[in-house]
Each structure stands twice: as structure tokens, then as C-alpha cells.
Amino acid sequence: MDTGSLAISLRTATSVVAVPPELAQVTPDVRSDAAWFWWVFLETDDLAELTPAARRMLAVAAALFLRRGAVATSVRDVARAAGVSAGALYNHFESKEDVLFRLVRFGNDRLVRSLDAAILDAGTPRKRLAAFVTSWVTGHLGHQSLAQLVRREYIHLTGDRLAQVVAQRRAVRDRLVA
């Protein structure tokens, strides 16, 4: 593998990003972090079915979960930071756990697509491993905040949601031996 040709664009939630008009009512203390997640959400169609208000709440929740953790962040915290009433979150999501599940699935789905694309035509086992590792590292470094949130917070899911995420994570691991 030619590591000299590997260019990684480091983007973290602390990077300076443009704040879209949809986030104007978000409180200043989380606005830049929420904006970073907002732009990441728009990179794929994974969340296209969500309204701008739902994506705003998801971005704010992601910023708060990253800072404080999902357990220490209440629905009221998310609503307050998003500039909406506490009940507004329930117009778009079943619960705080549903919000966390959407975030974790979003991050995992992005990584899985990247890994699958990287190893698709890699050929030999050595090239597949190199492509897998490169894609894994690039995915985590390129979206550090999302990767950290997913890696740290998925354990707070329960029941079927946790089982789905664990199964997806195991399937990623199994790609190495396939």
C-alpha cells in the first residue's frame, strides 16, 4: 500500500463550519458542533426522510451527546438547545433512545458502505486487509466526532436496538475473515 497517496481530511466537531439558516435558532453554545453534524447528515440520503426540524434536533442531540454523553443529556436539554419546546422532539422521534439509535445507525451505515466499497475489488486477502484498514482509519479520522459518538454511546441502547447495532458491528468484523 502506498501510504504516500493516502490523504486524510481531518474534520472534527470543533472545526469552523458554516452555520446553515436552519440552525439559526440553536443556542450559541452548541451551534457550531450542531452545524458540523448537520453538514455530515447532508452528505448522504440516509436521513432524507427527516424534516429540517427533525434534522436540526438530531444535529443538536448529536452535539450534546458528544459533549455530555447520551445518559447525561435530557430531552429538555436537546429541546432547549434546539430552540423548541420540550414536546417538539416527540413530533419527530419516539424517544431519546430513538434519537440515539438513529445517530448510531447513521454512523455505522456510513462506515459499512465505505468498507464495502473499499474491499469490493481489492483482490488478494492482503489487499483486502489493507483496503479495509485504510477505509476504517480514514472513516474514523475524517469524521472523528461522529465516530466517537457512535463508539462511545451505542452501549446505552437497549433491547432490539442494541442487538441490531451489535449484529452490525459483528458483521463489520466478519468482513475481515470473509
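Residues numbered from 1 in each chain as written. Predicted model: local features only at pLDDT ≥ 70, side-chain atom pairs only at ≥ 80, totals over all residues. Heavy atoms only, no water.

Enquirer: Explanation requested: the overall build of the chain in the structure shown.
Expert: Summing up its helical and strand segments, the chain has seven helices and zero strands in all. Relative to a compact globule of 178 residues, whose C-alpha radius of gyration would be 16 Å, the chain shows 17 Å and is just as compact. Overall size of the chain, expressed as C-alpha extent along the three principal axes, is 55 × 35 × 25 Å. The buried share of the chain, taken over its 178 residues, is 43%. Excluding contacts between residues fewer than 6 apart, the proportion of contacts in the chain whose partners are at least 24 apart in sequence is 68%. Taking the average place of the 23 positive charges on the side chains of the chain and the average place of its 18 negative ones, the gap between the two points comes to 4 Å. (Helix = DSSP H or I, 4+ residues; strand = E, 2+ residues; numbered from the N terminus. Rg over C-alpha atoms; globule rule 2.2 N^0.38 Å. Buried < 20%, exposed > 50% of the residue type's maximum accessible area, 1.4 Å probe, protein only. Contact = heavy atoms within 4.5 Å. Lys, Arg positive; Asp, Glu negative; His and termini not counted. Charge placed at Lys NZ, Arg CZ, Asp CG, Glu CD.)

Enquirer: How do you make sense of the environment of Leu50 when you look at a structure like this?
Expert: Of note, Leu50 is situated in the loop between helix H1 (28-41) and helix H2 (52-68). Separated by 43 residues in the primary sequence, Leu50 and Phe93 place their C-alpha atoms 10.0 Å from one another. Among residues more than four places away in sequence, those in contact with Leu50 are Arg55, Leu58, Phe93 and Arg102.

Enquirer: How do you make sense of H2 when you look at a structure like this?
Expert: Helix length check: H2 (17 residues) gives 24 Å between terminal C-alpha atoms against 24 Å at 1.5 Å per residue, within 8%. With 13 of 17 residues buried, H2 lies mostly within the body of the structure. Residue Gly69 follows H2 closely and has a positive phi angle near 95 degrees. (Expected span 1.5 Å × (residues − 1).)

Enquirer: What is the right way to read the packing of aromatic side chains from this model?
Expert: Geometrically, a pair of aromatic rings is defined through the distance of the ring centres and the angle of the planes. For the coordinates displayed, the defined rule picks out four aromatic pairs. Arranged with centres 6.3 Å apart and planes meeting at 40 degrees, the rings of Phe37 and Phe41 form a pair that is tilted. With Phe37 and Phe41 both in helix H1 and four residues apart, the pair spans about one turn of that helix. For the pair Phe37 and Phe41, one class covers both residues: buried. Of the aromatic side chains, those joined through ring pairs into one cluster are Trp36, Phe37, Phe41 and Phe106. (Phe/Tyr/Trp six-rings, centres within 6.5 Å; stacked < 30°, edge-to-face > 60°.)

Enquirer: Where do I start with the pattern of salt bridges in this structure?
Expert: Two side chains carrying opposite charge are able to pair once their charged atoms lie near each other. Following the criterion strictly, the structure yields 12 salt bridges and no others. Between Glu49 and Arg102 there is a salt bridge, and its shortest N-O distance comes to 2.3 Å. Placement of the pair is Glu49 in the loop between H1 and H2 and Arg102 in helix H4 (residues 96-119), with a sequence separation of 53 residues. Residue class for Glu49 comes out exposed when judged on its relative accessible area of 53%. What you see here is one network of salt bridges that share partners, running through Glu94, Glu97, Asp98 and Arg161. (Salt bridge = Lys/Arg side-chain N within 4 Å of Asp/Glu carboxyl O.)

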